[in-house]
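Okay, here's what each chain looks like letter by letter:
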Amino acid sequence: MVATLYINGAWRQASDGGAHDVHSPHDQRVVARVCQATNSDVLDAISAARESFDSGVFTSWSFNERSALVAKIADLLERDADLIARKESDDTGKRFIEAQYDLADVIATFRHFAALGLKEHGRSVDVGLAHITSRIVHEPLGVASLIGPWNYPLLQIAWKVAPALVAGCSFIVKPSELTPQSAIALMKIIEEAGAPQGVANLILGPGSVVGAPLINDPRVDLVSFTGGLTTGQTIMRAAATTIKKLALELGGKNPHIIFADADIDAAIDNAVTAAFLHSGQVCSAGTRLIVERSIHDQVVTEIVRRAGLITLGGPDDVMAETGPLISKSHLINVSLYVDKAVAEGATLLVGGKRSELSEHADGWYYLPTVLDNCTSEMSCVQEESFGPVMTVEVFDTEAEAIAIGNDTVFGLSGGVWSQDAKKAARVASALRHGTIWVNDFGPYRPAAEWGGYKQSGIGRELGEHGLGEYLEIKHIWTNNAPSRSGWFRDHE
């Protein structure tokens, strides 16, 4: 058994010898066998991170030195990009070319934070007194638990690891047990790049087994989690006992609004991509289509036609346009979601079932699905399917479009299509979501903050704020001409 836990600068097996197989969602073949950590292993990783942080072995590095480390990691990722993309494609079932795109984004993330670390950190405050120096400084936050999802395994981990390293934090990475291989590869690269012993640690296993200490242990100062709302709520409750800092990205139910004056052809094309890319397994997927009534038939008819033509296939199928769902349990959940929607009154126009093609028999393939005649009261509109399921609602006025778009507990992202620039700007401003695309849907850049309103989470990743999540802010007041305060009388 290959050692796949990385604790205190050493690769090791689980303390009880535990391991589990990782299966491809495409055909169920075993693509890896990895260690499954115990509670004891997690505590060892936390101890290593805490001791390395408190020792100053990494916090003593300057921002420039830590930025150089992160830049070197980016170079090594670029060197190994295709090898890591293959591992991620195996784990997720997504097309190899998509995994390559993801690796390019991972590399861009590390380069962004490497550059950001070179900027000036802190500032002087003019207090109006010549003998006083007042400075605001940014210091490493401490020990961080970095917990990632399965849909974009390395990218979401990179959004956490890169700023943590630049800031000078020590950390424990916990990827999804379904998709661990790229996190293992990243940890090997961090080791090769020269991170000090104990700064970076890797724990593998299901959250039900290894998650509690990463959240509850008082030696952990920050929990950064990307995943589902229910787990995020559990983390918030658990973290309250030690008042940890939290950064939570908990998904969304993202409105995609198309006005009648939009570029209809472009809007339709982007709507198909927004809903069915990666089989809808995207936190920012535009699966909630909100279309002006006068163009409903035109838009929906064409989306249904396009959805029915999407080719599903495995990582190396050059004709495939999207791949399988991550697991059997997830496929069952998506199926139940669609069945419930139809029972509530939604009209199934296309899809709504598992692929029946023989080449998909061993995988978890679900057909792109469109549900029409939906309303905000339906569970399919309010709940996230995380599958290839688009719901369709209609509106008549700008105010109604905004109201429908905001009628959700989530607030991660949304899209607006209109050739009236002023109207589009008004709607973008009124929508309570962390990212709004106008006449587009989906692109992001590492330099722009990412995160949600409402129950889509707290905190931000990427941008400048993404680094700020891993920094403490300290005010240092220095009196360069000390004297007695004279506040109380001297009775001598």
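Residues numbered from 1 in each chain as written. Predicted model: local features only at pLDDT ≥ 70, side-chain atom pairs only at ≥ 80, totals over all residues. Heavy atoms only, no water.

1. Section: the packing of helix 3 (residues 81-92) against helix 6 (residues 181-193)
To be explicit about the condition: A fitted line through C-alpha atoms represents every axis, and for helices the fit uses only the stretch in contact; the resulting angles, taken between N-to-C directions, go from 0 to 180 degrees. In DSSP terms, a helix is any run of H or I states spanning at least four residues, a strand is any run of E spanning at least two, and both are numbered starting from the N terminus. What sets the label is the angle itself: under 35 degrees gives roughly parallel, over 145 gives roughly antiparallel, 65 to 115 gives roughly perpendicular, and the rest give oblique. We call two residues in contact whenever any of their non-hydrogen atoms come within 4.5 Å of each other. Classes in brief: Ala, Val, Leu, Ile, Met, Phe, Trp, Tyr, Cys and Pro nonpolar; Asp, Glu, Lys and Arg charged; the others, Gly included, polar.
At a closest axis distance of 8 Å, the pairing of helix 3 and helix 6 adopts a crossing angle of 155 degrees. One finds that helix 3 runs roughly antiparallel with respect to helix 6. Residues Ile-84, Lys-87, Glu-88, Asp-90 and Asp-91 of helix 3 form the contact with helix 6, whose participating residues are Gln-181, Ser-182, Ala-185 and Ile-189. Considered class by class, the residues forming the contact of helix 3 with helix 6 number three nonpolar, two polar and four charged.

2. Let's talk about the UniProt feature "domain: Aldehyde dehydrogenase" (unreviewed entry) in the protein chain
To keep things clear, this is the line we draw: UniProt positions are given in the numbering used here, feature names are shortened, and annotations may be inferred rather than shown by experiment.
The residues that UniProt annotates with the feature "domain: Aldehyde dehydrogenase" (unreviewed entry) are residues 11-476. Strand forms 19% of residues 11-476 and helix 40%; the C-alpha atoms that close the span are 41 Å apart.

3. Topic: the sheet that holds strand 18 (residues 435-438)
Spelled out, the test is: Between any two strands, at least two bridges found by DSSP are needed for them to pair.
Pairing is mixed across the open sheet formed by seven strands, whose spatial order is 14-15-16-13-12-17-18. Edge positions in the sheet fall to strand 14 (347-350) and strand 18, since each of these pairs with one other strand and no more. Ignoring strand direction, the axes of neighbouring strands in this sheet form an average angle of 20 degrees. In this sheet, strand 18 lies alongside strand 17 (residues 413-417) in parallel orientation, the contact comprising four bridges. Residue pairing for strand 18: Ser-413 is matched across the bridge by Thr-435. Contacting strand 12 (255-258), strand 13 (288-292), strand 15 (369-372), strand 16 (389-395) and strand 17, helix 9 (residues 264-276) runs over the sheet at an angle of about 170 degrees to strand 12.

4. Comments concerning the environment of Asn-373
Inclusion rule: Nitrogen and oxygen atoms within 3.5 Å of one another constitute a polar contact, given that in protein one can donate a hydrogen and the other can accept it, and given that sequence-neighbouring residues count only through two side-chain atoms.
With respect to the secondary-structure elements, Asn-373 resides in the loop between strand 15 and helix 12 (379-382). Linking Asn-373 and Thr-347, residues 26 residues apart in sequence, is a C-alpha distance of 6.0 Å. Once you skip the residues sitting within four places of it in the chain, Asn-373 turns out to touch Gly-345, Ala-346, Thr-347, Met-378 and Val-392. A distance of 2.8 Å separates a polar atom in the side chain of Asn-373 from a polar atom in the side chain of Thr-347.

5. Digging into the pairing of strand 13
Rules: Only protein chains enter the calculation, and the probe is 1.4 Å; a residue is then buried if its accessible area is under 20% of its type maximum, exposed if over 50%, and partly exposed in between. Whether a crossover is right-handed comes down to one check: with the strands pointing away from the viewer, does the path from the first strand over the helix to the second run clockwise; if it does, it is right-handed.
Counting buried residues in strand 13 gives five out of five residues, a clear majority hidden from the surface. Side chains of strand 13 alternate between two faces, with Arg-288, Ile-290 and Glu-292 and Leu-289 and Val-291 buried alike. Pairing geometry for strand 12 and strand 13, over four bridges, is parallel. When the sheet's bridge partners are listed, Ile-258 is paired in strand 13 with Val-291. In terms of handedness, the path from strand 12 via helix 9 over to strand 13 forms a crossover that is right-handed. Bridge count for strand 13 against strand 16 is five bridges, and the pairing is parallel.

6. Describing the environment of Asp-420
Along the chain, Asp-420 falls in the loop between strand 17 and helix 14 (421-430). Considered as a pair, Asp-420 and Ala-85 are 335 residues apart in the sequence and their alpha carbons are 41 Å apart. Among the polar contacts listed, one links the side chain of Asp-420 to the backbone nitrogen of Lys-422, at a separation of 3.1 Å.

7. What to know about the nonpolar core
As a reminder, the rule being used: Residues belong to one nonpolar core when they are buried, are Ala, Val, Leu, Ile, Met, Phe, Trp, Tyr or Cys, and are joined through side-chain atoms within 4.5 Å. Marked domain ranges trace back to an automatic or database domain assignment.
Counting residues in hydrophobic clusters, the biggest one holds 100 residues, and the most contacted among them are Ile-73, Phe-110, Val-161, Leu-165, Phe-171 and Ile-190. Tallying contributions element by element places helix 5 (residues 153-167) first for this core, with 11 residues. Formed jointly, this core draws a minimum of three residues from each of two domains, domain 1 (3-249 + 455-475) and domain 2 (253-436). Setting aside its immediate chain neighbours within four residues, Leu-165 contacts Phe-58, Arg-66, Leu-69, Val-70, Ile-73, Phe-171, Ile-190 and Val-199. Counting residues in hydrophobic clusters, the runner-up holds 25 residues, among them Ile-258, Ala-267, Val-299 and Ile-303.

8. Focus on the packing of aromatic side chains
Rules: Pairing of aromatic rings covers Phe, Tyr and Trp, the last counted by its six-membered ring, and requires centre-to-centre distances within 6.5 Å; plane angles under 30 degrees mean stacked, over 60 mean edge-to-face, and any other angle means tilted. Only when the NZ atom of a Lys or the CZ atom of an Arg is both within 6 Å of the ring centre and within 35 degrees of the ring normal do we say a charge sits over the ring.
A full pass over the atoms with the stated rule returns eight aromatic pairs. Aromatic side chains Phe-58 and Trp-61 sit 5.0 Å apart centroid to centroid with 65 degrees between the ring planes, which places their arrangement in the edge-to-face category. Using a relative accessible area of 25% as the deciding quantity, one classes Trp-61 as partly exposed. Judged by centre distance (6.3 Å) and plane angle (65 degrees), the rings of Trp-159 and Trp-450 are edge-to-face. Placement of Trp-159 in helix 5 and of Trp-450 in the loop between strand 18 and strand 19 (457-458) is noted, with a sequence separation of 291 residues between them. Looking at Trp-159, the relative accessible area reads 4%, which means it is buried. Taken together through their ring pairs, the aromatic side chains of Trp-159, Trp-437, Phe-441, Tyr-444 and Trp-450 make up a single cluster. The ring of Phe-96 has Arg-86 sitting right over it, with the charged end atom 4.3 Å from the ring centre. Cation over ring: Lys-188 sits above Trp-11, and NZ or CZ is 5.8 Å from the ring centre.

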